[in-house]
Amino acid sequence: MAYQNELTKGEAIARKAGDLALKIREGNFGIEVKSDESPVTTADRECEKLIVEELQRAFPDDGLLGEEGALRESSNGRKWIIDPIDGTRDFIRGTRAWSVLIGLEENNEIVAGFAYFPSTGELYSAARGEGAYWDGARMQASSISLKREALLCCNGLSYMHRYPFANELVAWLAEFWTVRSMGGCLDAMLVASGRADAWIEAQAKPWDLAPLKIIAQEAGCVTFDFEGKDTIYGGNYVICVPALAEEIRRFVGKREEA
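The shown structure was predicted, so the numbers you read here are calculated from the model rather than taken from an experiment.

Enquirer: Where do I start with the packing of aromatic side chains in this structure?
Expert: In this description, a pair of aromatic rings is defined by centroid distance and the angle of the planes. Scanning the entire structure with this criterion turns up twelve aromatic pairs. Geometrically, the ring pair formed by Trp172 and Phe251 is stacked, given 4.1 Å between the ring centres and 5 degrees between the ring planes. Of the two residues, Trp172 is situated in helix H4 (residues 169–173) and Phe251 in helix H7 (residues 245–252); the sequence distance between them amounts to 79 residues. Pairwise contacts between aromatic rings join Tyr163, Phe165, Trp172, Phe176, Phe226 and Phe251 into one cluster.

Enquirer: It is not clear to me how the sheet that holds strand E9 (residues 132–134) should be interpreted in this structure. Could you clarify?
Expert: The strands making up a sheet associate through hydrogen bonds between their backbones, and the pairing can be parallel or antiparallel. Spatially, E4-E3-E5-E6-E7-E8-E9-E10 is the arrangement adopted by the eight strands of the open sheet, whose pairing is mixed. Each of the sheet's edge strands pairs with one partner strand only, and the pair in question is strand E4 (71–72) and strand E10 (137–139).

Enquirer: Is there a simple way to explain the packing of helix H1 (residues 4–25) against helix H2 (residues 42–58) in this structure?
Expert: If you want to describe how two helices pack, look at the angle between their axes and the distance between the axes. Contact geometry for H1 and H2: axes closest at 9 Å, N-to-C directions at 155 degrees. The orientation of H1 relative to H2 falls into the category roughly antiparallel. You can see that H1 and H2 cross each other, and the crossing is right-handed. Between H1, through Lys9, Ile13, Lys16, Ala17, Leu20, Ala21 and Ile24, and H2, the contact on the second element is made entirely by Thr42, Ala43, Glu46, Cys47, Leu50, Ile51, Glu54, Leu55 and Ala58. Looking at the contact of H1 with H2 residue by residue, the class counts come to eleven nonpolar, one polar and four charged.

Enquirer: Would you explain the state of the cysteines in this entry?
Expert: Working definition of a disulfide: a covalent bond connecting the sulfur atoms of two cysteines. Throughout the structure, instances matching the rule amount to zero disulfides. In this structure Cys185 is a free cysteine whose sulfur lies 12 Å from that of Cys153, the closest cysteine sulfur available. The closest cysteine sulfur to the non-disulfide-bonded Cys240 is located on Cys221, 7.5 Å from its own sulfur.

Enquirer: I keep staring at the pairing of strand E5 (residues 78–86) and nothing clicks. Help me out?
Expert: Regular strands have side chains that alternate between both faces of the sheet. A large share of E5 lies buried, amounting to eight of its nine residues. Of the pairings in the sheet, the one linking strand E3 (residues 63–66) to E5 comprises four bridges and is parallel in character. Its bridge partner lying in E5, Gly63 is registered against Lys79. Here E5 runs beside strand E6 (residues 99–106); their pairing, made up of seven bridges, is antiparallel. In the sheet register, Lys79 faces E6, and the bridge partner there is Glu105.

Enquirer: Explain the pattern of salt bridges to me, please; I cannot follow it from the model alone.
Expert: Where charged atoms from two side chains of opposite charge come close, those side chains can pair. Tallied over the full model, the rule gives 18 salt bridges. A salt bridge links Glu175 to Lys147, with the nearest nitrogen and oxygen atoms 2.2 Å apart. Taken together, the positions of Glu175 in the loop between H4 and strand E12 (178–180) and Lys147 in the loop between E10 and strand E11 (151–155) put the pair 28 residues apart, joining distant regions of the chain. Residue Lys147 is classed as buried on the basis of its relative accessible area, which comes to 17%. Measuring nitrogen to oxygen at the nearest pair gives 3.5 Å for the salt bridge that ties Lys213 to Asp230. Of this pair, Lys213 sits in helix H6 (residues 206–218) while Asp230 sits in the loop between strand E14 (222–224) and strand E15 (237–240), placing them 17 residues apart in sequence.

Enquirer: When you look at H7 in this model, what are you seeing that I'm missing?
Expert: For an α-helix, 3.6 residues make a turn, and residues three or four places apart therefore share a direction. Every buried residue of H7 is accounted for by Ala245, Ile248, Phe251 and Val252. Taken down its axis, H7 places every buried residue within 140 degrees of arc, on the same side. If you follow the buried residues of H7, they end up packed against H4, strand E13 (198–201), E14 and E15.

Criteria and cut-off values
- Residues numbered from 1 in each chain as written.
- Predicted model: local features only at pLDDT ≥ 70, side-chain atom pairs only at ≥ 80, totals over all residues.
- Heavy atoms only, no water.
- Phe/Tyr/Trp six-rings, centres within 6.5 Å; stacked < 30°, edge-to-face > 60°.
- Helix = DSSP H or I, 4+ residues; strand = E, 2+ residues; numbered from the N terminus.
- Pairing = 2+ DSSP bridges.
- Axes fitted to C-alpha atoms, helices over the stretch in contact; angles between N-to-C directions.
- Parallel < 35°, antiparallel > 145°, perpendicular 65-115°, else oblique.
- Left-handed = near helix turned anticlockwise from the far one by under 90°.
- Contact = heavy atoms within 4.5 Å.
- Nonpolar A, V, L, I, M, F, W, Y, C, P; charged D, E, K, R; others polar.
- Disulfide = S-S within 2.5 Å.
- Buried < 20%, exposed > 50% of the residue type's maximum accessible area, 1.4 Å probe, protein only.
- Salt bridge = Lys/Arg side-chain N within 4 Å of Asp/Glu carboxyl O.
- Arc of directions from axis to C-beta.

Here it is, written out as structure tokens:
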């Protein structure tokens, strides 16, 4: 199996970091506010430190990019992209919608990734060409083909006003079977596992998206940013079943009239 070593070691590292986060959360986890007004805790920093140390030990030639500052150039075209706690606000408030995200980029393509939810013990993983897995069981996107039958997950509502489609958003959402907003990484995995049909995220960084992209694609989903590009570097994102891709791409890609 391709990337078997990466899958085995990456899973172990994600679980180890998750255990550390849970342990830190039992005490004082020191909330601070970063320059972009997002919160950061002791757990974010300590977990990234652990992940970086473990990855460097296992894959010494690979590069690194982490939300909390990890940065190392690659000497072999490979880079691990890390979000030690995706959903820090959920971590702070005690919901279960936060996860440890680790993705592997190789020659500018995401080829493997993990989304581990410490509060529930659920692990989602994938490698290119090998399928997507939820706690070891193969998972697949849903076969929903109509918007009126689809469960849409919509995140980053407080950022939606930035986009040309903002004034039409509520009416457009009403055309779906139902709409949920439970947390970026969680909602993305709901789509990948067939429990939801589309996920729209208005504000996202590469470390928020790297593993979600490969997991969703290997489960049969389509991924793109609001400009229709298949990139994790566009600042926003869509994951959906293939049948809904054209409709969603058209809506989020709306431009201001000249």
